[in-house]
Amino acid sequence: MRESIKVFAPATVANVVCGYDVLGFAVNEPGDEVIMKLTGGSGITITKITGDEGRLPLDPKKNTVSASVQHYLNHIGKPDTGIEIELHKKMPIGSGLGSSSASTVAGLFAVNNLFDSLLTNKELVPFAMKGEELACGYGHADNVAPALLGGFVLIRSYEPLDIISLPHPEDLYAAIVYPEVDVPTKDARQMIRSKVLLKDAVTQWGNVAGLVSGLFLKDHDLIGRSMTDILVEPTRSILIPDFYKMRSLAMKTGAIGFGISGSGPSVFALTKDEGTARAITQKLQQHLKGIGINSLSFVSSVNKKGPVILD
Ligand code: HSE
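Keep in mind it's a predicted model, so treat the numbers as computed, not measured.

**Brief notes about the site of the ligand**
Move 1: Around the ligand sit Ala 14, Asn 15, Tyr 20, Asp 21, His 140, Asp 142, Asn 143, Thr 185, Arg 189, Arg 236, Gly 262 and Ser 263, and those are all the residues in its vicinity.
Move 2: A distance of 2.7 Å is found between a nitrogen atom of the ligand and a side-chain nitrogen or oxygen belonging to Asp 142.
Move 3: Arg 189 places a side-chain nitrogen or oxygen 2.8 Å from an oxygen atom of the ligand.
Move 4: About the coverage of the ligand: the protein hides 98% of its 260 Å² of free accessible area.
Move 5: Among the residues forming the shell around the ligand, the class breakdown is two nonpolar, six polar and four charged.
Move 6: Each of domain 1 (4-167) and domain 2 (173-301) gives at least three residues to the shell around the ligand.

Take a look at the structure:
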């Protein structure tokens, strides 16, 4: 049994526009790193957090990484295991890219490996959902499931949990732009209306089914025309600077679809190749700069691996 481990877990794009809380996919960058050591003593300590500008709690009961690792230890019957955790945040917090999810998944993947992979990555999903519950008040799985499994993932049901890995066209790229404005997931969830009209539900489930079919059929046009959200986007887009202008720029530059990543403020486009994705991030960042907003961008193919051991 190894005594220490360093792991990476990826960022994720949740919702994929129409699939609020039920669809997500993983990207290769950004992501977070966790270094974990078995101490031989008792209890979890967070020894260091970098890259968070002091925003994340070191208290093991409040930090999503340690809290979900503690759930895991309780489950395997070793609740008092002595563990030291270092968390290195390599992605912005509150960005809509599954920041808390990447940290939590890295922690769970690390501890599970220290215990000789007692659970599969899929079996780790409910523990990671506890971390999301702590972070934003609801244990949604559309970041943590793709972060753990890689690829596109559908959460067909929450009770009971039913998670399905989906195929995707090999040439699919994501162009992601993070405008540097803060949108906490908790607030972005509270602003959504909780009742919908049946006719709107019909439109939405048509698009979800269309997107899933497009992924199976490797039909880029079907994927693109299904990336429409009439339930959540109209409300959340208000928090994102020039959202509709950015959509029009991305579509004109060759995106197959465009929308909010998770709860925002990051936006993403899917494209058929890397060059188009890079052209889109450049145009969007230029536009944001023009209206005085700093941004970060990422271009990635779909991450198939999920978390990996670095050391
Ligand atoms: N499905 C979640 C939401 C994802 O939209 O609130 C948060 O990243």
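That covers the picture; the talk isn't over yet.
**Regarding the pairing of strand S5 (residues 152-158)**
Move 1: The element S5 is largely enclosed, with a buried count of five among its seven residues.
Move 2: With three bridges connecting them, strand S2 (residues 23-42) and S5 associate as antiparallel partners. Paired with Gly 24 across the strands is Val 153, a residue of S5.
Move 3: Summarising the sheet, S5 and strand S6 (residues 161-166) pair through six bridges and their orientation is antiparallel. The residue bridging Val 153 from the neighbouring strand is Ser 165, located in S6.

**Digging into the sheet that holds strand S8 (residues 257-260)**
Move 1: Pairing is antiparallel in the open sheet, where four strands are placed in the order S8-S9-S7-S10. Since the sheet does not close on itself, it has two edges, and those belong to S8 and strand S10 (295-301), each with one partner. Sheet twist, expressed as the average angle between the axes of neighbouring strands with direction ignored, equals 15 degrees.
Move 2: In this structure, strand S7 (residues 173-179) lies alongside strand S9 (residues 267-271), joined through five bridges in antiparallel fashion. Note on S9: the bridge partner recorded for Ala 175 is Ala 269.
Move 3: The strands that helix H10 (residues 274-290) touches are S7, S8, S9 and S10; relative to S7, the one it contacts most, it runs at about 15 degrees.

**Let's talk about the packing of helix H1 (residues 64-75) against helix H3 (residues 121-136)**
Move 1: It is at 8 Å that the axes of H1 and H3 come closest, and there the two elements cross at 140 degrees. Where H1 crosses over H3, the two elements pack in a sense that is right-handed. Touching Thr 64, Ala 67, Ser 68, His 71, Tyr 72 and His 75 of H1 are Leu 124, Phe 127, Lys 130, Gly 131, Leu 134 and Ala 135, all from H3.

**Points about the pairing of strand S1 (residues 4-14)**
Move 1: Among the 11 residues of S1, nine are classified as buried, and the element is accordingly described as predominantly covered.
Move 2: Bridge count for S1 against S2 is 10 bridges, and the pairing is antiparallel. Bridge pairing in S2 links Ile 5 to Met 36.
Move 3: Summarising the sheet, S1 and strand S11 (residues 308-309) pair through two bridges and their orientation is antiparallel. Opposite Phe 8, over in S11, you have Val 308 as the bridge partner.

Conventions and cut-offs
- Residues numbered from 1 in each chain as written.
- Predicted model: local features only at pLDDT ≥ 70, side-chain atom pairs only at ≥ 80, totals over all residues.
- Heavy atoms only, no water.
- Near = heavy atom within 4 Å.
- Polar contact = N/O pair within 3.5 Å; in protein donor to acceptor, adjacent residues only side chain to side chain.
- Areas by Shrake-Rupley, 256 points an atom, 1.4 Å probe, with all protein chains shown as cover.
- Nonpolar A, V, L, I, M, F, W, Y, C, P; charged D, E, K, R; others polar.
- Domains from an automatic or database assignment.
- Buried < 20%, exposed > 50% of the residue type's maximum accessible area, 1.4 Å probe, protein only.
- Helix = DSSP H or I, 4+ residues; strand = E, 2+ residues; numbered from the N terminus.
- Pairing = 2+ DSSP bridges.
- Axes fitted to C-alpha atoms, helices over the stretch in contact; angles between N-to-C directions.
- Contact = heavy atoms within 4.5 Å.
- Left-handed = near helix turned anticlockwise from the far one by under 90°.

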